[in-house]
Amino acid sequence: MERVAVAKINLGLSLLGRRPDGYHELHTLFAALSFGDRLYLEPLPEGIEFRGRYGRRNLAYRAAEAYLERAGWPGGVRIVLEKALPEGAGLGGGSSDAAQVLLALKELYPAEVDLGALALSLGADVPFFLMGGGGAGGGGERLRPLALPPLPVVVFAPGLRLATPRVYGEVKPHDFGPELPVAEILRALAQGEEPPYWNALEGPAFRLHPELRGVKARLRALGLKGVLMSGSGSAFFGLAEEEEHARKAVAALRLQGYARWGILGGGHALP
């Protein structure tokens, strides 16, 4: 069984404040893209065989272990993970891998397992990847699905790995703001206009690594619209006018880091 664990970007991310438990309350608009990692799964009589980085610490392995345990260990699984998405880039690769493992095991070993709750226990972004497409909300348990126009999107990661806890640790009170104007963002996307979104984590990330400002400017100079950092970085994305524009932008960026283009909302997986 082959599964594609697609990347995601955040079409805006606003920090609303700090919760009593110390975590931050956020509001974001997730969007799946049409490229990502690949996983190959096959059933085994028992146990988990995993080929991929970090072994048992990998979120894909942990997802398999969690599902099979809750299902009563009806069998085992062999998982081969081929990573394509850069790590520490804010593209959700690990969360997407975990979600695809859950969906595949639900198919291989059907059981009365609440995938949504299990996904949330693995990570805040994992539930989105069960849903795919687009979604708005503050966390995996509160996402509402959204329809997104199939626009070409260019993604660029400069090779700098940002640790999410470190970026959040740099957040200051002035980084907090209101919820994103989701309706206005969707309208701008549909009309090919500059979306009125922002990423409140850009400020903290730029304070840690000022060179990221130049990365954002590089994408803007290629004529991409709505250039924004995804999640806690370090990847940036921009909206292209058409597929040929996206291809030219990727060609210009490829020698400077990871560059790929895909279709907003998932679309059809690209080779």
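Look above for the structure.
The following paragraphs examine the structure supplied in this document. For clarity, every value in this text was computed on a predicted model and none was experimentally measured. (Residues numbered from 1 in each chain as written. Predicted model: local features only at pLDDT ≥ 70, side-chain atom pairs only at ≥ 80, totals over all residues. Heavy atoms only, no water.)

**Overview of the nonpolar core**
Turning to step 1, where the next piece is worked out: Leu39, Tyr67, Val77, Ile79, Val101, Leu102 and Leu105 are the most contacted members of the largest nonpolar core, which totals 34 residues.
Turning to step 2, where the next piece is worked out: Put simply, the parts of the chain that give this core at least two residues each are β2 (24-44), β3 (48-51), α1 (59-70), β4 (76-82), α2 (93-108), α3 (115-122) and α4 (126-131).
Turning to step 3, where the next piece is worked out: With eight residues, the top contributor of residues to this core is α1.
Turning to step 4, where the next piece is worked out: With near-sequence residues (within four places) excluded, Val77 lies in contact with Leu41, Glu42, Pro43, Leu44, Gly47, Ile48, Glu49, Ala64, Leu68, Leu105 and Leu108.
Turning to step 5, where the next piece is worked out: Counting residues in each nonpolar core, the second largest holds 28 residues, with Leu26, Val154, Leu201 and Val227 among its members. (Core = buried A, V, L, I, M, F, W, Y, C linked by side-chain atoms within 4.5 Å. Buried < 20%, exposed > 50% of the residue type's maximum accessible area, 1.4 Å probe, protein only. Helix = DSSP H or I, 4+ residues; strand = E, 2+ residues; numbered from the N terminus. Contact = heavy atoms within 4.5 Å.)

**Brief notes about the packing of aromatic side chains**
What characterises a pair of aromatic rings is the spacing of the ring centres plus the angle enclosed by the ring planes.
Turning to step 1, where the next piece is worked out: Applying the stated criterion across every chain yields a total of five aromatic pairs.
Turning to step 2, where the next piece is worked out: With 5.0 Å between their ring centres and 20° between their planes, Phe30 and Phe128 make a pair best called stacked. You can see Phe30 sitting in strand β2 and its partner Phe128 sitting in helix α4, a full 98 residues away along the chain.
Turning to step 3, where the next piece is worked out: Note on Phe30: relative accessible area 5%, which makes it buried.
Turning to step 4, where the next piece is worked out: Note on Phe50 and Tyr61: the rings are 6.2 Å apart at their centroids and 85° apart in plane angle, and the pair reads as edge-to-face. Taken as a pair, Phe50 in strand β3 and Tyr61 in helix α1 lie far apart in primary sequence, 11 residues in all. (Phe/Tyr/Trp six-rings, centres within 6.5 Å; stacked < 30°, edge-to-face > 60°.)

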